[in-house]
Structure formats: structure tokens, C-alpha cells
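# Remarks on the overall topology
If you want the building blocks of each chain, they are given just below.
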Amino acid sequence: MKNHLSVCVLGSSSGGNSTVIWNDTTSVLIDCGHGPVYLTERLQELGLSLRELDAVFITHIHSDHVNETTVRNLHKLCIPVYCPAQIEIPLVKKYRSVDALRKENFLHTFTTPEINISEFTVHAFEVPHDSDGGCFGYWVIDESGGIKRKVSVATDMAEVTESAVEHMADSDVIVIESNYDAEMLEQSGRPIWLKDRIRIGGHLSNEQCAEAVVRIIQQSTNIPKVFALAHISRQCNTNGLAHDCTTSAVKELGITNVAIFETFPQRPSRIMTVRKA
Ligand SMILES: [Zn+2]
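A short tour of the structure in this document, coming up. (Residues numbered from 1 in each chain as written. Predicted model: local features only at pLDDT ≥ 70, side-chain atom pairs only at ≥ 80, totals over all residues.)

Let's shift gears to the pairing of strand 12 (residues 226–230). Within a regular strand, the side chains alternate between the two sheet faces. Burial analysis of strand 12 places five of its five residues in the buried class, which makes it a mostly covered element. Side chains of strand 12 alternate between two faces, with Val 226, Ala 228 and Ala 230 and Phe 227 and Leu 229 buried alike. Two elements, strand 12 and strand 13 (residues 259–262), share four bridges in a ladder whose sense is parallel. Pairing of Val 226 across the sheet is with Ala 259, part of strand 13. Handedness of the crossover joining strand 12 and strand 13 through helix 9 (residues 239–252) is recorded here as right-handed. (Buried ≥ 20, exposed ≤ 12 C-beta atoms within 10 Å, placed from the backbone. Helix = DSSP H or I, 4+ residues; strand = E, 2+ residues; numbered from the N terminus. Pairing = 2+ DSSP bridges. Right-handed = clockwise from strand over helix to strand, strands pointing away.)

To continue, consider the sheet that holds strand 8 (residues 120–127). With respect to topology, seven strands assemble into an open sheet ordered 7-8-9-10-11-12-13, the strand pairing being mixed. Edge strands, defined here as strands with exactly one partner in the open sheet, are strand 7 (114–117) and strand 13. Ignoring which end each strand starts from, the neighbouring axes of this sheet average 20° apart. Sheet topology places strand 8 next to strand 9 (residues 135–142); eight bridges connect them, and they run antiparallel. Looking across to strand 9, one finds that His 123 is bridged to Trp 139. Lying over the sheet, helix 8 (residues 206–219) contacts strand 11 (173–177) and strand 12, oriented at roughly 155° with respect to strand 11. (Axes fitted to C-alpha atoms, helices over the stretch in contact; angles between N-to-C directions. Contact = placed C-beta atoms within 7 Å.)

What follows covers the packing of helix 8 against helix 9. For any two helices packed against each other, the geometry comes down to the angle between their axes and how far apart the axes lie. Following both chains from N to C, one finds helix 8 and helix 9 inclined at 35°, their axes separated by 9 Å at the closest point. In this structure, the crossing between helix 8 and helix 9 has a hand that is right-handed. Here helix 8 contributes Asn 206, Glu 207, Cys 209, Ala 210, Val 213, Val 214 and Ile 217 to the contact with helix 9, which in turn contributes Leu 241, Ala 242, Cys 245, Thr 246, Ala 249 and Val 250. A class-by-class count of the residues in the contact of helix 8 with helix 9 yields ten nonpolar, two polar and one charged. (Left-handed = near helix turned anticlockwise from the far one by under 90°. Nonpolar A, V, L, I, M, F, W, Y, C, P; charged D, E, K, R; others polar.)

Okay, here's the thing in C-alpha cells:
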């Protein structure tokens with residue numbers, strides 16, 4: 001397809017998170033939480049390839065966002081990896097593969113909120129998810145062909161902040177976490193400390209996700225066309241509950257032309273495409 005900006009969540013769960021954003025000439029991966037075989041196969045299905053990625057952006061240091069073997073492969077392929085400067089030290093301390101990448105100048109850190117990657121401009125914004133060095137969401141702008149398109153990705157948020165809502169407003173496609181159903185988490189056999197860790201500083205519940213979606217829509221002049229619900233817990237949520245919660249909140253706004261998709265732990269989401277012509 002020509003003249004498009006597309007997004008696919010290749011997989012999203014506590015077992016791995018990776019999202020690819022691409023147009024005719026440029027492709028970037030947000031997080032590389034899956035192994036190289038899985039990523040290579042999923043990218044191939046989309047007509048893309050690991051070796052042709054223009055860049056990989058890391059959101060935070062948790063192991064469902066950084067796969068050591070994949071980083072080693074990226075290194076071999078000379079694919080640049082980017083992260084906000086404040087997570088550099090914890091990242092290289094935790095992952096030998098990232099340290100090796102840094103020693104050969106393939107790890108690029110940034111303090112400015114905006115990085116140009118071929119036809120994309122990538123912006124980082126901080127979210128309160130509890131991770132050493134901090135955690136970030138990204139939005140990607142593609143202005144090629146004179147038409148501006150925007151995609152936002154925030155798979156780990158912890159809380160709906162005003163800042164995150166502002167950053168994600170006016171996107172065409174938004175990937176946002178809808179991690180747990182409050183009742184299922186409460187009823188789960190998980191230890192209390194873990195339940196608390198998920199609720200405070202961890203992840204968004206379905207209700208919090210729905211609230212974020214409503215606030216983003218209210219703040220947008222250009223209302224997003226698609227929301228993809230990510231990081232859906234396998235133990236404390238179902239795709240149906242996550243979908244219904246956000247869908248009914250959007251319906252209450254009287255808005256009908258917003259699509260709500262789910263993502264999956266070990267298979268790709270729908271391809272979400274914004275046409276540019
Ligand atoms: Zn995390």
C-alpha cells in the first residue's frame with residue numbers, strides 16, 4: 001500500500017511488548033520485548049524486516065520490553081537503538097547486550113523530546129509507570145507528502161496524567177494499555193504486595209484506560225480514529241472486558257466513528273492504517 005502510515009502491535013503482554021510503525025520508506029520499532037525469531041517472522045508477514053528497521057526505541061528497562069537476544073541481533077545488523085538519557089545507566093546495567101551496543105555507539109540517548117528518523121519525527125514523554133530511570137511513551141509524526149499523521153504508543157502508564165493526555169491528543173492511532181479488570185485482580189490469588197504494585201505505579205485498569213481514552217478524545221481537535229488496547233493481563237483481564245469497558249465509555253460521549261481494537265500476547269494486532277492520499 002502506498003501513502004500510508006501503519007501500526008501493528010506485534011505482541012503485548014507481561015511476556016513481551018513490541019510495536020512497529022511504518023510508512024513506505026521508514027520503519028521503527030517501539031520496544032523489542034520479543035525474541036528475534038518471533039519478531040523476524042511477524043515483520044516478514046507485514047512485508048518488513050528486522051534488518052531494514054530504521055531505529056528501535058526503548059520505553060523502559062523492564063524485561064518485557066527489552067529482549068537480550070534481540071538486542072544482540074540488532075547490534076549485528078547495526079540497527080540504532082534509542083532511549084531517553086535518564087534510562088541509559090539502568091538499561092546498560094541490566095542488559096549486557098545494551099552495554100555492548102553502547103560501547104560501539106549504536107545506543108543513542110537523547111534529552112530533547114524530538115528525534116528525526118528518516119521520514120518520522122519521534123517524541124518521548126514521561127509516564128509514571130514504576131521503573132528504574134523512568135518510563136516513557138512515544139508519539140511519531142509522519143509529515144511526508146505534506147499530510148501530517150500521528151501515532152502514539154504508551155503500553156505501561158500506571159496513571160492517567162494530564163501530560164500524557166496532552167501528548168497523545170490529536171493522534172490518528174493510539175496504542176494504550178488496558179491492563180486489568182479491578183474485580184479480577186482483587187479476586188486473583190496474587191499476593192497483596194503484587195496487587196498493590198499493579199494498582200499503584202504499575203498499570204492502568206480497564207476503567208482508567210476508558211477514562212484516558214475519553215479525556216484524549218475530549219482534548220483532541222482531530223479525534224483519534226483507532227485505539228488499540230495493549231498489555232491486557234492474561235490472569236486478571238479478558239479482551240472482551242477491556243474492549244467493552246472502553247467502548248461503552250466512548251459510546252457515552254455520543255461518538256460512533258472511533259474503532260477500538262485489542263492486542264494479543266503472542267500474535268499481532270490488526271494492522272491499523274492511516275491513509276495519506
Ligand atoms: Zn514495565
